Amino acid sequence: MKLLLAPMEGLLDHTLRDMLTRVGGVDLCVTEFIRVTNTVLPRRAFIRVAPELLNNSRTVAGVPVRVQLLGSDPICLADNAAALAELEPHGIDLNFGCPAKTVNQHRGGAVLLDERTLAALWNSLRFTFLAVALATALGLAHALAARRSLLLRTLVFLPFVVSPVAVAFGLLLLYPSWTASLALLVAAYALLAYPFVGQHVANALDALPPHWHQAARTLGASPWRVFVRVTLPLVAPALRRGMAFAAATALGEFAVTLFLARPEWTTLTTLIYQHLGRPGADNLHAAHALSLLLMLLALGVFVLLDVGSPSHRPRPLKEPHA
Amino acid sequence: MLDVSGLCKRYLPGPGEPVADRADPVAAASLALPAARWLAHNLHLQVAPGQTVAVLGASGSGKSTLLAMLAGLEEPDAGRVCFDGEDVTHWPPERRRFALMFQDFALFPHLNVQDNVAFALIEQRVPKAQARSQAVAMLARFGLADRALSGVTQLSGGEQQRVALARALMSGPRLLLLDEPFSALDADLRQQLRADFARHIQAAGMACVLVTHDEAEARAMGQRGYRLVGGQLQALW
């Protein structure tokens with residue numbers, strides 16, 4: 001068993017380290033933190049806290065000493081760590097998790113945990129963006145193909161009736177070599193989100209009179225040009241609505257992320273889950289704040305895609321007799 | 001010159017399709033599949049440029065299918081459709097330059113009046129500004145220049161009909177196909193537009209096939225008239 005001498009701000013300075021290591025039994029020491037703000041600290045700043053650096057990073061009794069850095073800017077921390085490394089310490093500890101309020105006031109310690117929130121937000125947004133892009137292509141293709149097939153039309157609902165857990169587990173069994181790959185994760189997201197696009201577009205296509213398509217063809221438009229100039233603009237409101245639902249689904253996706261994502265790919269939903277799994281009022285409050293953020297995001301995406309768009313919904317032409 | 005020879009098309013009703021004679025309650029209630037019908041059976045037709053041919057027929061006789069086959073929207077089972085000596089039977093509709101006008105006008109609701117009329121020009125890669133000014137000039141010939149920027153849903157039935165014809169003429173068609181063009185309009189407007197349309201079609205000097213169930217309309221517009229019965233054309237005048 002190894003015994004480590006933990007640091008304590010204002011108490012465990014090099015004098016106490018020296019005394020305790022002379023008593024014996026300690027295998028390793030860590031210094032009090034050296035606060036890093038926005039400059040690379042001079043050599044003397046490191047030596048003031050850890051004079052052992054001048055003694056080959058060991059106490060007089062010969063016990064190795066690690067130096068601890070604390071800061072909120074990763075790049076500045078890295079630069080200071082590099083400067084410190086030139087003094088050849090036995091090791092460098094980075095303080096990421098000091099919960100003391102006096103420490104956090106200056107964006108040290110636990111505030112770095114916010115990086116996790118930002119990372120989760122970024123992951124949620126990029127997975128959603130990729131999934132909605134794929135779901136849109138898939139949903140459009142499905143809706144167009146399903147015009148002539150009742151079976152295909154029914155199949156669009158299949159991802160709705162299967163539990164996301166079953167989908168994720170099934171994908172893991174089917175493609176074990178693709179586990180924790182971005183492609184599989186986005187594909188799973190898209191699979192669960194695309195029925196919204198497919199169903200909305202299929203309904204809109206049904207509502208289009210066939211004469212519009214035929215008139216465009218006889219006016220010189222190829223099938224592709226008819227799709228671009230007539231069909232797509234006329235189903236655009238339904239497409240946007242489907243995309244909004246798909247985005248909301250992807251943002252709120254949980255089970256698939258839990259099964260298929262890498263640990264570093266935390267999304268907002270899995271981060272909420274992690275907070276709830278830990279004790280303490282702080283974690284509960286963080287979960288509340290993240291839930292609110294998630295709801296606001298979903299609302300924002302909805303407004304952006306659906307409400308904010310001008311409606312070109314096909315309206316019936318005026319009664320000719322009127 | 002449109003030359004249709006030996007055109008055949010059979011209608012095979014699917015199961016559950018209500019094609020049984022509605023006047024006959026026994027047949028209507030029958031679950032048996034109705035027999036296939038000939039919509040076109042060895043059908044021949046010639047139309048010269050500047051000539052309008054009217055085709056009369058009861059609903060379900062195959063009038064609209066005939067136009068769809070001419071336009072390339074439906075494939076015939078047999079026979080040929082030729083134009084100016086070229087066999088266009090298997091050409092896609094966009095290559096034929098035959099304009100088809102529907103009884104519901106089929107104006108695009110997401111485009112305004114001038115963009116509806118300019119639709120074919122954009123497909124011919126005419127620059128947008130030029131296409132629009134040509135469309136407005138065409139609309140002026142129909143007395144609709146001031147409606148160029150209106151939405152098509154804001155037009156009256158008669159105006160929609162004239163926009164539909166302007167749009168069809170704008171594509172510079174070699175053949176104009178009219179499917180019950182006035183059936184959705186009231187009687188007064190119908191008579192007024194009939195003369196108006198005949199004048200425009202004659203001025204454009206193109207071949208025209210008019211399909212209708214209204215004999216007065218057929219006689220007013222068609223230099224020749226036929227009745228479509230059992231998939232064949234019987235000459236009326």
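Residues numbered from 1 in each chain as written. Chains lettered and ligands numbered in written order. Predicted model: local features only at pLDDT ≥ 70, side-chain atom pairs only at ≥ 80, totals over all residues. Heavy atoms only, no water.

**Some points on the overall build of chain A**
- The number of helices and strands found in chain A is 14 helices and four strands.
- Considering chain A as a whole, with its 322 residues, one finds that 43% of them fall into the buried category.
- Partitioning the intrachain contacts of chain A with sequence separation of at least 6 by distance along the chain shows that 70% fall at a separation of at least 24.
- If you sum the accessible surface of chain A, you get close to 17,400 Å²; carbon and sulfur atoms cover 66% of it. (Helix = DSSP H or I, 4+ residues; strand = E, 2+ residues; numbered from the N terminus. Buried < 20%, exposed > 50% of the residue type's maximum accessible area, 1.4 Å probe, protein only. Contact = heavy atoms within 4.5 Å. Areas by Shrake-Rupley, 256 points an atom, 1.4 Å probe, with all protein chains shown as cover.)

**Comments concerning the overall build of chain B**
- Summing up its helical and strand segments, chain B has nine helices and ten strands in all.
- Look at the contacts in chain B between residues 6 or more apart in sequence, and 71% of them connect residues 24 or more apart.
- Carbon and sulfur atoms make up 51% of the accessible area of chain B, which amounts to about 10,300 Å² in all.

**Topic: the interface of chain A and chain B**
- Opposite the 24 residues of chain A that make contact, chain B presents 33 residues.
- Interface area for chain A against chain B, summed over the two sides, is near 2,700 Å², with a carbon-plus-sulfur share of 61%.
- Counting across the interface, chain A meets chain B through three salt bridges.
- Between Arg217(A) and Glu94(B) there is a salt bridge, with its nearest N and O atoms 2.7 Å apart.
- The interface formed by chain A and chain B holds seven residue pairs in polar contact (both at pLDDT 80 or more) in total.
- Secondary-structure elements contributing two or more residues to the side of chain A that touches chain B are α10 (210-218) and α11 (223-251) of chain A. (Buried area = accessible area lost by both parts, 1.4 Å probe. Salt bridge = Lys/Arg side-chain N within 4 Å of Asp/Glu carboxyl O. Polar contact = N/O pair within 3.5 Å; in protein donor to acceptor, adjacent residues only side chain to side chain.)

**Points about the confidence of the model for chain A**
All names here are of chain A.
- Here chain A averages 84 in pLDDT, and 89% of its residues register 70 or above.
- Here helix α4 (residues 101-104) is the element of chain A with the lowest mean pLDDT, 54, and α11 is the one with the highest, 92.
- Scored below 50 in pLDDT, residues 312-322 makes 27 contacts in the model with residues more than four places away or belonging to other chains. (pLDDT = per-residue confidence, 0-100.)

**So, empty space enclosed by the protein**
- Tallied over the full model, the rule gives one cavity of 30 Å³ or more.
- Taken together, Ala215(A), Thr218(A), Leu219(A), Leu100(B), Met101(B), Phe102(B), Phe105(B), Ala164(B), Arg167(B) and Ala168(B) make up the lining of the largest cavity.
- Counting residues per element, the ones that place at least two in the lining of the largest cavity are α10 of chain A together with β6 (98-101) and α7 (157-170) of chain B.
- Among the elements that line the lining of the largest cavity, the one with the most residues is α7(B), at three residues.
- Tallied by class, residues from the lining of the largest cavity come to eight nonpolar, one polar and one charged. (1 Å grid on protein atoms, 1.4 Å probe; cavity = no way out; pocket = protein on both sides within 12 Å on 5 of 7 lines; lining within 4 Å. Points joined across faces, edges and corners; volume = space filled by probe spheres on them. Nonpolar A, V, L, I, M, F, W, Y, C, P; charged D, E, K, R; others polar.)

**Looking at a nonpolar patch on the surface**
Residues and elements named next belong to chain A.
- A cluster of nonpolar side chains, contributed by Leu151, Leu155, Phe157, Leu158, Phe160, Val161 and Val162, occupies part of the molecular surface with about 640 Å² of accessible area.
- Those elements giving two or more residues to the nonpolar patch turn out to be α6 (150-155) and α7 (158-161).
- Mapped onto the elements of the fold, Leu158 is located in helix α7. (Patch = residues over 30% accessible without salt bridge, like charges linked within 9 Å, V, L, I, M, F, W, Y side chains within 5 Å.)

**Quick look at the sheet that holds strand β3 (residues 65-70) of chain A**
All names here are of chain A.
- The strand order across the open sheet built from four strands is β1-β2-β3-β4, with neighbouring strands paired in parallel fashion. Two strands close off the open sheet at either side, each with one partner strand: β1 (4-5) and β4 (92-95).
- Bridge analysis of strand β2 (residues 28-35) against β3 gives five bridges, and the strand direction is parallel. The partner of Ile34 across the bridge, within β3, is Leu69. (Pairing = 2+ DSSP bridges.)

**Points about the pattern of salt bridges**
- In this structure the tally under the stated criterion is 16 salt bridges over all chains.
- The network of salt bridges with shared partners includes Arg225(A), Arg229(A) and Glu123(B).

**Details of the packing of aromatic side chains**
- Enumeration over the complete set of coordinates arrives at twelve aromatic pairs over all chains.
- Here Arg229(A) stacks its cationic end above the ring of Phe119(B), 3.9 Å away from the centre of that ring.
- One cation-aromatic arrangement involves Arg10(B) over Trp38(B); the distance from NZ or CZ to the ring centre is 5.6 Å. (Phe/Tyr/Trp six-rings, centres within 6.5 Å; stacked < 30°, edge-to-face > 60°. Lys NZ or Arg CZ within 6 Å of the ring centre and 35° of its normal.)

**Points about the environment of Trp237(B)**
Residues and elements named next belong to chain B.
- Within the secondary structure, Trp237 is located in the segment after β10 (232-235).
- Given the relative accessible area of 28%, Trp237 is considered partly exposed.
- Considering only alpha carbons, one finds Trp237 and Arg219, 18 residues apart in sequence, at a separation of 8.7 Å.
- One polar contact links the side chain of Trp237 to the main-chain carbonyl oxygen of Gly222, over a distance of 3.2 Å.

**Some thoughts on the sheet that holds strand β2 (residues 37-47) of chain B**
All names here are of chain B.
- Pairing is antiparallel in the open sheet, where four strands are placed in the order β2-β1-β4-β5. Edge positions in the sheet fall to β2 and β5 (86-87), since each has one partner strand and no second.
- Here strand β1 (residues 2-11) runs beside strand β4 (residues 78-83); their pairing, made up of five bridges, is antiparallel. Bridge pairing in β4 places Leu2 opposite Phe83.
- Sheet strands in contact with helix α2 (residues 63-71) are β1, β2 and β4, and its direction is about 125 degrees off that of β1. (Axes fitted to C-alpha atoms, helices over the stretch in contact; angles between N-to-C directions.)

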